[in-house]
Amino acid sequence: MQFMLLFSRQGKLRLQKWYVPLSDKEKKKITRELVQTVLARKPKMCSFLEWRDLKVVYKRYASLYFCCAIEDQDNELITLEIIHRYVELLDKYFGSVCELDIIFNFEKAYFILDEFLLGGEAQETSKKTVLKAVEQADLLQEPRHEYFNVPVY
Amino acid sequence: MSDVVERTLTALPSLLSLDSQSGSTRLSSTSKLGSLIRGITELTSKHDEEKLIHRELASIKEQVSSPNTSMRQMKELMVRAIYCEMLGYEASFSYIHAIKLAQQGTALEKRVGYLAVSLFLNESHELLLLLVNTVLKDLQSTNLIEVCMALTVVSQMFPKDMIPAILPLVEEKLNHPKEIIRRKAVLALYKFYLIAPNQVQHIHNKFRKALCDKDPGVMTASLHIYLQMIQENPEGYKDLTGSFVTILKQVVGGKLPMDFNYHSVPAPWLQIQLLRILAFLGKNDQSTSEIMYEVLDESLRRAEMNHNITYAILYECVKCIYTIHPKSELLEKAAKCIGNFVLSPKINLKYLGLKALTYVVQQDPKLALQHQMTIIECLDHPDLIIKRETLELLFRITNAQNVTVIVEKMLEFLRVNKDDYTTIDLVGKVAELAEKYAPDNEWFIETMSTVFSVGGDMMQPDIPNSFLKLLSEGFDSVEEDRKLRLFAVDSYVSLLQGQPGKLPQRFLQVISWVLGEYSYLREELEAATVLRLLDKLLDMKSTSSETKSWILMAMTKLSEGGAGVSVAKEVSETYSSSLDTVLRQRAQELQHLSQDCELRARVLPRDAGLEPLEVDSSLSFLDGFVSEALAAGAAPYKPPHQRQEELAQAKALSLEPYGLSLPISMSSCSIADRQSPTLLSVSSGLSGDSTDLSHKGGSKTLKLDGVKRVWGREGYLAQREPLEESAHVEVPSPLQSPSQQGEADSSHSQTPTPIPTPQPEQEKQQLASSLFVGLGSQSSVCLMGKSEPTPQRFRRKAKGPVLSSGSSEQITNSLVSTPSTVNNLLCDNLLDSNITSELAVSPLEQTSQLSQGPTVANGACDVELTDSDMRESSPSLIRDNGVAGADQGPHEDPDGPKDLCLSTYLPAELSGLCHSEITPLCSNQSLDLSACHVQEEESLALVIFIYNSSDSDIQQILLELDSDELEVSCVCDSPVQEARSHSVAVCQYSLTVKRPSVHVEVVGTVTYQFPVGTPQSVQFSYKLPLTSFIRPLTVSTEEYGTMWLDFSHDTKQKLTLISDGQEPLADTLNVLKKKLKLHVVEIIGMEGIVACRLLKDQPCLMHCRLHAGTLSVWLRSPVPDLPDCLMYHCQRALQEH
């Protein structure tokens, strides 16, 4: 996978994860063009796009669009299921997730994504295991002395 | 909006209790982030948002740089910075602080720090170096979570050069008791493998360990690495096929824990990964494929649930089945599967079905035939993506009969399409189809006009280039050429009379070239009229200066007669003061040439495209100039690689791009036509490289074996081939009788089914029949291999009437100049191309000649040897013995058994060396003559064995040898005089080359006498390849550089690259080294220099450069003809490989 974008129906970017090194300018350009293209598509249309030399797989969940760019030989359907599994993970973590959860807790959404996909490849597909890993890190108790810690520079 | 506010407010209480909410608490947003988000949503204009964010960023910036900010606050600041970046505002000042946070924070803060780093930076960012120490520390942490974080960030990005620093630690993690750590470590190694495969070369055994890990998750992770490695080198991992098959079997059989199920399908990701790996392993490998048939069958059977995930597996399965060695049973099932996809009402599945069809259609065109109605429906689908994919499918099944319909559909799509990328791609495809299958001139010109108008200035520049080349080089008949050009002129004139302002620049350039070159063909069209039209173009504002120079060039060609001169004068006056130097030059040319008819006729002869340009490739006409310049103290010319080397020595920095830019740019400028203005400016800019031109210009006289030229003379030649063959290929096909074909050609109204159908249905049927016509017949020619449509595929331009008027002579003639075509065409027939390439006959005659081949050879006692026949008596010299004896097939070899004993007669000083197979030369009742050649360090020895098979002794044997190409001298002091009954006499000769030739031949006569009787004589000939005389020449790069300059005879050609290994250049050179005994002097990046000599003192140097997937070879030698001959052998060696 080359990158994953989450954006709203209004075209606002909610999450972006790039697995290929690109300059900020390119990223912005791609995001802008892709958001436009995907939003212009009608609901009954195919979830796959050929966009430049990439294949784009997208799916809409409520007001959010999930959009992945994959390489030519990659399997489109399984990518669609990756999106679905990610949504399931978010749903389970937040408890019936909505766009606002992701807006306000986007860093959590990133943590979940990082446990699920690593370097653009599915790392762990078991819902239970992914969430366990995320929650374990969440539960880390901060050591007491931290409160007295003076920042060191 | 209010909803947002409300939710934010409900989140407020949590903010009071500091931010560290654990678990999945809803809206545990930090106060600052919350208010930022709320603030943004309340704004109405983009401008306000910008103001707010800039204010926000300023405040973040201030806080992060304050020494009083705690890590906890820092964490919160980072989250806000990430948010601002996501909105598209730069917060680069925070990058360094993100790294600091990852370094100094406690676990929770560290996590945000790492996240920020991974979102802010990419792997080429310099700040990433600062992260290395942090990662090192965390990898050694006792806290599992910290180790996990470090591994997570490493798997996403890590500076390539620093991999060695952490590699041991990551490797160590492969033995970690926790599977999550092992899994992440494997993925980190995968990342390393992707960015720096060499760094992890040595730990391949660890990958195997990961593959055998008891945890399925870790094993799955290791498959990413294996997929990558196997894709690059399937040969190296064939032994793992069994293991992969076993794993897949277990997964499919549901042996994995329930945890791995996804919607009750066992580990679909793992299954797909394995299927992809199997596809790579089984490709072109029957025995490996056989191992996987069973499990593939089971996968197909098990995946029956109606869910996306099973379809995903099925799709991968089908792809795999069509990639590996075919098995009819599986193919049948896979085809059914594709059918289900195509027919599915679900649009996603339909799309994939079309894609799968596109993938398999070349192997199985009938499948497309089965689904023709669905394909027709998809062609009118409202979703452009589906339409696009359908066109892609149609593109693959285009043939001469359905080309008009398919191209029409593609152009239709192009007219509505908005996406530039698709346009460029599709325009290229239309042009390719039009060139390959155009049914007539009018259609071709019109289609290309549409291509140029729609493709505009975005399309690939080679489309107009090859179009012009096609026009100028012409076809088989002068009359047809004339008609084509005339039609082009007519249609362009009418275009210019319309609204030329709307035409793209590229098209205007094409138009002006064609008009300049060919408008004289239309007699009633006055040059002045065309000039006025062109003049109008010049005046248009939108015309670019490049186009203007094309127009001026065309005007120069047309400026004849009174009206012409006056227009020319006017125009040249306007542009001779132009700021653009090229335009100014063109204007000058126009001015001078329009006044001097004679000069113009010489500079721009009419129809000059047909005559090859004579080019002195050694640039000898410059010798005087060079020596003068040298005498005046100029520095001698150094070839680019030498300059580069010196540069590299002079400075520590590698300046490779500069060194390379010259040759690359020269070869990459495509030469459309020597008369096009762009080319002229190119060649004048790079006057040093007229040799590159010579390669194209002088192509007629040079050997062109193996040169890939799409529109060269052979291109046109090759295109004739199917026409000749069509009668033979298509007649036996049951689906397409010749009469049917004729029908289909004349009209597309042919309906496949006689059953009456309702009206709209009938239209579709009609469309279908016109689209899928000829598919059946194609299937008979199609092989299992996926032959991508290559540009050289024979072009079928309907030239019916011309063809029939006896053009076989022309074929023969043109074949003489290009033996390569024959060679390529027949290479599948396993004919010995040594013979084929020299026979210049039309293919049909050729087969008959070849069938006579052996007898002829036997009768004349001609023996032809290749170097590969050399027997391995000394293992050190030649190892490549694979083809030994292949050539000997036809020669009935009565002396076979004697071979061994004959070799014992080899003179003692030669016995240790490597000698060629001992070949019978001729025999009669009393004498058997055999010979072989032995390669010595500095010479080549020819040894002739005279076996007396009679019962009486033979006396007064006299052997006389002669050769056009060779110097033959007898080695023995006292030549053989007699041979006793049933014994062998041996004569040894030393051969040197007088005049290089691809093969050299020695003819000889033996006269002898029995004690009683008259003298008798036998004649024989012995042929051997030039390569027997080639020896490696060991020189240093410096010596090579000086020698290179001294040599005057050269030749250039593009050869096929052996690209199955990792280093194509080195591999190719190694093959040449092995087969031809060349010495590889040095390989510098994309270039290699090689040296050899013809025995003692006739060196030949070779310069190779990788360019666009081929090997550009340049040979130089002081010996005439040697470069050409050697080029031939290089080419043969690479072809045989």
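If you check an unreviewed UniProt entry, chain A appears there as AP complex subunit sigma from Anoplopoma fimbria. What UniProt records for chain A under Sequence similarities (unreviewed entry) is the sentence "Belongs to the adaptor complexes small subunit family."

A. Summary view of the overall build of chain B. Secondary structure summary: chain B contains 50 helices and 16 strands in total. Across the 1137 residues that make up chain B, the buried fraction comes to 55%. For chain B, long-range pairs separated by at least 24 residues make up 67% of all intrachain contacts whose partners lie at least 6 apart in sequence. If you sum the accessible surface of chain B, you get close to 49800 Å²; carbon and sulfur atoms cover 53% of it.

B. Seen up close, the overall build of chain A. The helix and strand tally for chain A stands at five helices and seven strands. Listed N to C, the secondary structure of chain A is β-β-α-β-β-β-α-α-α-β-β-α in terms of helices and strands. Per-residue burial for chain A yields a buried fraction of 63% across its 153 residues. Long-range contacts, defined here as pairs at least 24 residues apart, represent 48% of the contacts in chain A between residues at least 6 apart. When the accessible surface of chain A is split by element, carbon and sulfur atoms take 52% of a total near 6300 Å².

C. Here's a closer look at the state of the cysteines. All names here are of chain B. By the definition in use, this model includes zero disulfides over all chains. Here Cys320 stays free of any disulfide, with the sulfur of Cys317 as its closest cysteine sulfur at 6.6 Å. The exposure class of Cys320 is buried, given its relative accessible area of 0%. Of all cysteine sulfurs, the one in Cys1130 lies closest to Cys1104, which takes part in no disulfide; the gap is 7.6 Å. A relative accessible area of 0% means that Cys1104 is categorised as buried.

D. Representation of the side chain of Lys548 of chain B. Residue and element names in this part refer to chain B. For Lys548, the position within the fold is in helix H29 (residues 545-558). Buried and unpaired, Lys548 has no salt bridge, with Asp539 as the nearest side chain of opposite charge at 7.5 Å. Leave out the neighbours within four places in its chain, and Lys548 touches Leu538, Thr543, Tyr575 and Leu583.

E. Representation of the interface of chain B and chain A within the structure. Listed by partner, the interface residues are 86 residues for chain B and 77 residues for chain A. When chain B packs against chain A, close to 7300 Å² is buried across both sides, 56% of that on carbon and sulfur atoms. Counting the surface chain B buries against chain A, the share from its top three residues, Met86, Arg111 and Trp269 of chain B, is 11%. Inspection of the chain B/chain A interface yields eight salt bridges.

F. Region of interest: the packing of helix H13 (residues 241-252) of chain B against helix H14 (residues 268-282) of chain B. All names here are of chain B. Where H13 contacts H14, the two axes come as close as 10 Å, and the packing angle between them is 150°. When the interaxial angle is binned, H13 and H14 end up roughly antiparallel. In terms of crossing hand, the pair formed by H13 and H14 is left-handed. Contacts between H13 and H14 involve Thr241, Phe244, Val245, Ile247, Leu248, Val251 and Val252 on the former and, on the latter, Leu270, Gln271, Leu274, Leu275, Ile277, Leu278 and Leu281. Tallied by class, the residues present in the contact of H13 with H14 amount to 12 nonpolar, two polar and no charged.

G. The arrangement of the sheet that holds strand E2 (residues 13-18) of chain A in detail. All names here are of chain A. Read across the sheet, five strands follow the order E2-E1-E5-E4-E3 without closing on themselves; strand pairing throughout is antiparallel. The open sheet terminates on both sides in strands that have one partner only, identified here as E2 and strand E3 (48-51). Geometrically, the sheet is characterised by an average inter-axis angle of 20° between neighbouring strands, direction not taken into account. Bridge count for E3 against strand E4 (residues 54-61) is four bridges, and the pairing is antiparallel. Each residue of the ladder has a partner; that of Phe48, found in E4, is Val57.

H. Spotlight on the environment of Gln988 of chain B. As for its placement among the helices and strands, Gln988 of chain B is situated in strand E8 (residues 984-993). The buried category is assigned to Gln988 of chain B, whose relative accessible area is 6%.

I. Spotlight on the packing of aromatic side chains. Using the criterion set out here, one finds 22 aromatic pairs over all chains in the structure. Taking 6.1 Å as the distance between ring centres and 70° as the angle between the ring planes, the aromatic pair formed by Tyr226 of chain B and Phe244 of chain B counts as edge-to-face. Of this pair, Tyr226 of chain B sits in helix H12 (residues 216-232) while Phe244 of chain B sits in helix H13, and the two are 18 residues apart along the sequence. Like Tyr226 of chain B, the residue Phe244 of chain B is buried in the burial classification. Aromatic ring contacts, followed pair by pair, group Phe444, Phe452, Phe467, Tyr492 and Phe507 of chain B into a single cluster. Over the aromatic face of Phe111 of chain A sits the side chain of Arg111 of chain B, whose NZ or CZ is 3.7 Å from the ring centroid. One cation-aromatic arrangement involves Lys1052 of chain B over Trp1114 of chain B; the distance from NZ or CZ to the ring centre is 4.0 Å.

J. Quick look at the sheet that holds E8 of chain B. Residue and element names in this part refer to chain B. Read from one edge of the open sheet, five strands run E3-E4-E5-E8-E7, paired in antiparallel fashion. Of all the strands in the sheet, the pair left with one neighbour each is strand E3 (919-923) and strand E7 (966-970). Averaged over all pairs of adjacent strands, the angle between their axes in this sheet comes to 30°, without regard to strand direction.

K. Broad picture of the nonpolar core. Ranked by size, the top nonpolar core spans 289 residues in total, and within it Tyr86 of chain A together with Phe244 and Tyr492 of chain B carry the most contacts. Counting residues in each nonpolar core, the second largest holds 63 residues, with Ile957, Val1018, Leu1078 and Val1090 of chain B among its members.

L. Structural context of H29 of chain B. All names here are of chain B. In a regular helix each residue adds 1.5 Å, so 14 residues correspond to 20 Å; H29 covers 20 Å between its end C-alpha atoms and thus fits that length. Taken across its 14 residues, H29 has 12 buried, putting it largely inside the fold. Of all the residues in H29, the buried ones are Thr547, Lys548, Ser549, Trp550, Ile551, Leu552, Met553, Ala554, Met555, Thr556, Lys557 and Leu558.

M. Representation of a nonpolar patch on the surface within the structure. Residue and element names in this part refer to chain B. A cluster of nonpolar side chains, Phe621, Leu622, Phe625, Val626 and Leu630, forms an exposed patch at the surface whose accessible area comes to about 480 Å². Assignment of secondary structure puts Phe625 in helix H33 (residues 623-631). The class of Phe625 is exposed, set by a relative accessible area of 57%.

N. Broad picture of unusual backbone geometry. All names here are of chain B. One non-glycine residue with positive phi stands out, namely Ser264, at about 55°. Among the residues examined, Ser264 registers a relative accessible area of 56% and is labelled exposed. The backbone of Asp1121 shows a phi angle near 70°, a positive value even though the residue is not glycine. Given a relative accessible area of 37%, Asp1121 falls into the partly exposed group.

O. Up close: the pattern of salt bridges. All names here are of chain B. Under the definition given, this model contains 41 salt bridges over all chains. The partner of Arg482 in a salt bridge is Glu479, with the nearest N and O atoms 3.8 Å apart. In this pair, Arg482 and Glu479 are both assigned in helix H26 (residues 478-497), three residues apart and thus about one turn of the helix distant. The exposure class assigned to Glu479 is partly exposed, which follows from its relative accessible area of 41%. Across the pair Glu589 and Arg586 runs a salt bridge, and its minimum N-O distance is 3.0 Å. Here the residue Glu589 and the residue Arg586 both occupy positions in helix H31 (residues 581-595), the gap between them amounting to three residues, near one helical turn. Residue Glu589 is classed as partly exposed on the basis of its relative accessible area of 23%. Members of the salt-bridge network, linked through shared partners, are Arg388, Glu392, Arg396, Asp425 and Lys429.

P. Structural context of the confidence of the model for chain A. Mean pLDDT over chain A stands at 85; residues scoring 70 or higher make up 91%. Note that pLDDT drops below 50 for residues 141-153 of chain A; the model gives that stretch 21 contacts with residues more than four away or on any other chain.

Q. Quick peek at the pairing of strand E10 (residues 1016-1025) of chain B. Residues and elements named next belong to chain B. Here 10 bridges tie strand E9 (residues 999-1009) to E10, and the two strands are oriented antiparallel to one another. Paired with Thr1005 across the bridge in E10 is Gln1019. Between the end of E9 and the start of E10, which pair antiparallel, lie six residues, with Gly1013 showing a positive phi angle near 125°.

R. Up close: the confidence of the model for chain B. Residue and element names in this part refer to chain B. The pLDDT averaged across chain B works out to 74; a share of 74% of its residues lies at or above 70. Counting interchain partners and residues more than four positions distant, the pLDDT-below-50 stretch residues 652-755 has 171 contacts. The complex model carries a pTM of 0.60, and its ipTM stands at 0.90.

Rules used throughout
- Residues numbered from 1 in each chain as written.
- Chains lettered and ligands numbered in written order.
- Predicted model: local features only at pLDDT ≥ 70, side-chain atom pairs only at ≥ 80, totals over all residues.
- Heavy atoms only, no water.
- UniProt positions renumbered as here; feature names shortened; annotations may be inferred.
- Helix = DSSP H or I, 4+ residues; strand = E, 2+ residues; numbered from the N terminus.
- Buried < 20%, exposed > 50% of the residue type's maximum accessible area, 1.4 Å probe, protein only.
- Contact = heavy atoms within 4.5 Å.
- Areas by Shrake-Rupley, 256 points an atom, 1.4 Å probe, with all protein chains shown as cover.
- Disulfide = S-S within 2.5 Å.
- Lys, Arg positive; Asp, Glu negative; His and termini not counted.
- Salt bridge = Lys/Arg side-chain N within 4 Å of Asp/Glu carboxyl O.
- Buried area = accessible area lost by both parts, 1.4 Å probe.
- Axes fitted to C-alpha atoms, helices over the stretch in contact; angles between N-to-C directions.
- Parallel < 35°, antiparallel > 145°, perpendicular 65-115°, else oblique.
- Left-handed = near helix turned anticlockwise from the far one by under 90°.
- Nonpolar A, V, L, I, M, F, W, Y, C, P; charged D, E, K, R; others polar.
- Pairing = 2+ DSSP bridges.
- Phe/Tyr/Trp six-rings, centres within 6.5 Å; stacked < 30°, edge-to-face > 60°.
- Lys NZ or Arg CZ within 6 Å of the ring centre and 35° of its normal.
- Core = buried A, V, L, I, M, F, W, Y, C linked by side-chain atoms within 4.5 Å.
- Expected span 1.5 Å × (residues − 1).
- Patch = residues over 30% accessible without salt bridge, like charges linked within 9 Å, V, L, I, M, F, W, Y side chains within 5 Å.
- pLDDT = per-residue confidence, 0-100.

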